[in-house]
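# Report on the structure
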Amino acid sequence: MREKFLGRMREYLNSGEQTMVFTDDLKNAIYLAEDNDEDIKLVAEMLTKFNSQNRELRFGHFVFGPVVMRLFHVYNRCDELLQLIKDPLLNGVFDQVTSFTIAMNVLFRNERYQDVLDVFHVVQQKQINTLRFPKDMTILALGACYKMNTSDAFGKAMTILQEAKAANAVILRKGVTFASALALKQKDPYLALEILNFTHQKHYFTAQNLKVVALADMDRIDDVFLELRTAMEKDIPQSSQKKLTIVSDTLTAVKAAVDRSQNKEHALTFQRLEQNLKQYGHVSQDSLDSFLCSPILSRPAPKRDESRIVGFESNFFVKQNSRANDYRRQQRENMKQQRRGLIDIDE
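Attention in this report is confined to the structure presented alongside it. Computed from a predicted model, the values in this text were never measured in an experiment.

So, on to helix α1 (residues 2-14). Since one α-helical turn is 3.6 residues long, residues separated by three or four positions face the same way. Look at α1: 18 Å from first C-alpha to last across 13 residues, which is about the 18 Å you get at 1.5 Å a residue. Among all positions of α1, only R2, F5, L6 and M9 are buried. All buried residues of α1 project into a common sector of 90° when viewed along the axis, lining one side. What points out from α1, more than 90 degrees from its buried face, is the exposed set E3, K4, E11 and N14. For α1, the elements touching its buried residues are α2 (23-32) and α3 (37-52).

Within the secondary structure, V63 is located in the loop between α3 and α4 (65-74). Put simply, V63 and Q96 are 33 residues apart on the chain and 9.1 Å apart in space, counted from C-alpha to C-alpha.

The tally for this structure, following the rule as stated, stands at six aromatic pairs. Plain terms: the ring middles of F50 and F64 are 5.3 Å apart, the flat faces sit at 70° to each other, and that makes the pair edge-to-face. One end of the pair, F50, is in helix α3; the other, F64, is in the loop between α3 and α4, with 14 residues separating them in the sequence. The burial state of F50 is the same as that of F64; both residues are buried. Classification of F64 as buried rests on a relative accessible area of 5%. Through a chain of ring-to-ring contacts, three or more aromatic side chains come together here, namely F50, F62 and F64. Above the ring of Y204, the side-chain terminus of R173 is found at 3.7 Å from the ring centroid. In this structure, K185 packs its charged tip against the face of Y146, placed 4.2 Å from the ring centre.

Given a rise of 1.5 Å per residue, 16 residues ought to cover 22 Å, and the 23 Å separating the end C-alpha atoms of α3 matches this to within 8%. On its buried side, α3 packs onto α1, α2, α4 and α5 (78-86). The opening residue of α3, the one whose side-chain oxygen lies 3.3 Å from the backbone nitrogen of E38, is N36.

Moving on: the side chain of S180. Within the secondary structure layout, S180 lies in helix α10 (residues 173-185). Here the side chain of S180 touches A192 through a polar contact of 2.9 Å, landing on its backbone oxygen. Residues in contact with S180, not counting those within four places in the same chain, are A192, I195, L196 and L210.

Using the criterion set out here, one finds one cavity of 30 Å³ or more in the structure. Estimated volume of the largest cavity: approximately 60 Å³. Lining the largest cavity, in full, are M9, Y12, L13, T19, M20, V21, F22, D25 and M46. The biggest single contributor to the lining of the largest cavity is α1, with three residues. Its residues assigned to classes, the lining of the largest cavity shows seven nonpolar, one polar and one charged.

What follows concerns the pattern of salt bridges. For the coordinates displayed, the defined rule picks out 19 salt bridges. Salt-bridge contacts for D95 lead to K126; the nearest nitrogen and oxygen are separated by 3.2 Å. Of this pair, D95 sits in the loop between α5 and α6 (97-109) while K126 sits in helix α7 (residues 113-126), and the two are 31 residues apart along the sequence. Looking at D95, the relative accessible area reads 33%, which means it is partly exposed. Residue K126 is classed as partly exposed on the basis of its relative accessible area of 33%. The salt bridge partner of D115 is R112, with a shortest N-O separation of 2.9 Å. By relative accessible area, which is 17% here, D115 ends up buried. Given the relative accessible area of 26%, R112 is considered partly exposed. Taken together, the shared-partner salt bridges in this structure form one network comprising R2, E3, R10, E34, E38 and D39.

What follows deals with unusual backbone geometry. With the exception of glycine, the majority of residues adopt a negative phi angle, and the majority of peptide bonds are in the trans configuration. Phi is positive for N76, close to 60°, though the residue is something other than glycine. Relative to the helices and strands, N76 is located in the loop between α4 and α5. Since its relative accessible area comes to 36%, N76 is described here as partly exposed. Of note, N168 is a non-glycine position whose phi angle comes to about 55°, a positive value. Relative to the assigned elements, N168 resides in the loop between α9 (151-166) and α10. Owing to a relative accessible area of 70%, N168 belongs among the exposed residues under this scheme.

Rules and cut-offs
Residues numbered from 1 in each chain as written. Predicted model: local features only at pLDDT ≥ 70, side-chain atom pairs only at ≥ 80, totals over all residues. Heavy atoms only, no water. Helix = DSSP H or I, 4+ residues; strand = E, 2+ residues; numbered from the N terminus. Expected span 1.5 Å × (residues − 1). Buried < 20%, exposed > 50% of the residue type's maximum accessible area, 1.4 Å probe, protein only. Arc of directions from axis to C-beta. Contact = heavy atoms within 4.5 Å. Phe/Tyr/Trp six-rings, centres within 6.5 Å; stacked < 30°, edge-to-face > 60°. Lys NZ or Arg CZ within 6 Å of the ring centre and 35° of its normal. Polar contact = N/O pair within 3.5 Å; in protein donor to acceptor, adjacent residues only side chain to side chain. 1 Å grid on protein atoms, 1.4 Å probe; cavity = no way out; pocket = protein on both sides within 12 Å on 5 of 7 lines; lining within 4 Å. Points joined across faces, edges and corners; volume = space filled by probe spheres on them. Nonpolar A, V, L, I, M, F, W, Y, C, P; charged D, E, K, R; others polar. Salt bridge = Lys/Arg side-chain N within 4 Å of Asp/Glu carboxyl O.

Written as structure tokens, this is what we have:
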């Protein structure tokens, strides 16, 4: 059945006749497509044909952009994906934030960081939904700059931050930490520290690690010790998962700063702090890069206490019914006083 349907679609496209691609045909082709050049090419040709047809003949409202992008994402088809985005015959097909986010994500996953920035540039030109800095895409763009780690990429990241600030756009914490970490890699700890002011989540462990590293690179050792002590002495319940985590990269940077100071007191203080951090489980052997590049996981919605809701509703309606009964009883009493009934008339 699959081969028969796809074969028929190929015949229609190659016949040269004025055939139409219907919405359901394109849906089925996308669903049936497998990871081979013929099927991917067929989907692209059908999409182009579908988009070129008279828009007045379309009565459905199905949006194909995100669905096609997911197909190319699943099959890891970066080159074909970029061709579709840049194809003028498909102008408007992918004008959804979701479509470009999926495209940038698969490019980032395949380490095609310059392509990520190129797609982000297209997004900024289009201003989809009047947005120049969609949150997730801005994270991916700053992440691409961080991974490239060149002076040009650093300049691009700073431009994104400056323009976003001028437009009052919100940059999520993950994007801010990418930019701050890039500044550290480019040997600019002063700017790395300043960039962290873009986020209100300064106490999140990636931001804290970046702050400690920046202070260490600036040889502000007393401030480093203060940050570590303050973080460890926070009043956090034992059951909480939000305890400070110091990665090995951060300890290495702090130790290098202590060694540069050639101060025995600093060395002893660092030794005690390091022991306490390890003793209470605050040290992770994972790198800071692994935490920065970890996938964004959606948080599950908090469970609703149905028993409390039901109890509230039942109590609410009991009270309401009681008030209604009192009101009706009072109305009957008033009516008795205003008008005599047959039972009150003397024979």
